[in-house]
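The residues making up each chain are set out below.
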Amino acid sequence: HKESDNSLRVERLLDFAQKHFQSNQCLDLLDIGSGLCVFIGKIVSLTNWKCTAVEPDGRYCEHAKNTLNIEVASEDYRSLYWQKKFDIISLNKVLEHFEDPTIVLSKCATELKHGGLIYIELPDGECASKDKIGFNRQEFFIDHYHAFSMASMEQLVRKSGLRSLCLERIREPSKKYTLRGFLSHFE
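The present account deals with the structure reproduced in this document.

Reading guide: rules and limits
Residues numbered from 1 in each chain as written. Predicted model: local features only at pLDDT ≥ 70, side-chain atom pairs only at ≥ 80, totals over all residues. Heavy atoms only, no water. Buried < 20%, exposed > 50% of the residue type's maximum accessible area, 1.4 Å probe, protein only. Helix = DSSP H or I, 4+ residues; strand = E, 2+ residues; numbered from the N terminus. Pairing = 2+ DSSP bridges. Right-handed = clockwise from strand over helix to strand, strands pointing away. Contact = heavy atoms within 4.5 Å. Disulfide = S-S within 2.5 Å.

### Notes on the pairing of strand β2 (residues 50–54)
And then number 1: For β2, the buried fraction is high: four of the five residues fall into the buried class.
And then number 2: Both strand β1 (residues 28–32) and β2 contribute to a ladder of five bridges, which runs parallel. Bridging from a neighbouring strand, Leu-29 pairs with Cys-51 of β2.
And then number 3: Following the backbone out of β1, through helix α2 (residues 38–46) and into the adjacent parallel β2, one traces a crossover that is right-handed.
And then number 4: Here three bridges tie β2 to strand β3 (residues 71–73), and the two strands are oriented parallel to one another. Note that in β3 the partner of Ala-53 across the bridge is Val-72.
And then number 5: Taking the sense of rotation as the criterion, the β-α-β connection linking β2, helix α3 (residues 58–66) and β3 turns out right-handed.

### Details of the environment of Glu-3
And then number 1: Along the chain, the position of Glu-3 falls in the segment before α1 (5–20).
And then number 2: Judged by its relative accessible area of 44%, Glu-3 is partly exposed.
And then number 3: Spatially, the C-alpha atoms of Glu-3 and Pro-173 are 6.7 Å apart, while their sequence positions differ by 170 residues.
And then number 4: Apart from the residues within four sequence positions on either side, Glu-3 is in contact with Leu-8 and Pro-173.

### Brief notes about the state of the cysteines
And then number 1: As enumerated under the stated definition, the model contains zero disulfides in all.
And then number 2: Here Cys-61 stays unpaired: no disulfide links it, and the sulfur of Cys-37, its closest cysteine neighbor, is 7.4 Å away.
And then number 3: For Cys-61, a relative accessible area of 2% translates into the label buried.
And then number 4: Here Cys-108 is not cross-linked by a disulfide; its sulfur's nearest cysteine counterpart is in Cys-51, at 15 Å.
And then number 5: Residue Cys-108 is classed as buried on the basis of its relative accessible area, which comes to 0%.

### So, the pairing of strand β5 (residues 112–123)
And then number 1: Judged by how many residues are buried, β5 sits mostly within the fold: nine of twelve residues are covered.
And then number 2: Note that the unit made of strand β4 (residues 86–92), helix α4 (residues 101–110) and β5 has a crossover that is right-handed.
And then number 3: As defined by bridge partners, β5 adjoins strand β7 (residues 177–184) across six bridges and the pair is classed as antiparallel. Note that in β7 the partner of Ile-118 across the bridge is Leu-183.

Next up, the structure:
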């Protein structure tokens, strides 16, 4: 669906990447916490990028391999060690599921090529708390260790040894309150 959260997410990433990278080269993308691979599957269908998924749920990994022909690692990202680095690393609504998201984002920084991008999305707890539904919203579900504000997102980025290229606050078609950002190494 053209107006889905994932379609808009893909559109935003492709637009930013086209402006950031020198050419429309074949980029290496690592997507952490891929779930059913809707996001990464759309990227594969629209680009010539080499995409790798990380998803601890084996059922989703089978779907990624067998249906979408996507390279996938069925493990906790924190225990993986790659022999290569990536041009783009994406974490869509993933970091809030870790007790210490700084550890995960810092690991991403070490696996990012020079000049590369990290794309993150986080639940916007600041805006969600002001919604009439308040703390019953999914931004505050029990499996989330964290909900973020723009300030705490920037603090997370800096503690991880990265810099923000662009931070945005959006309301998705699904009505989720979301913070998203493009990050890179310090130059």
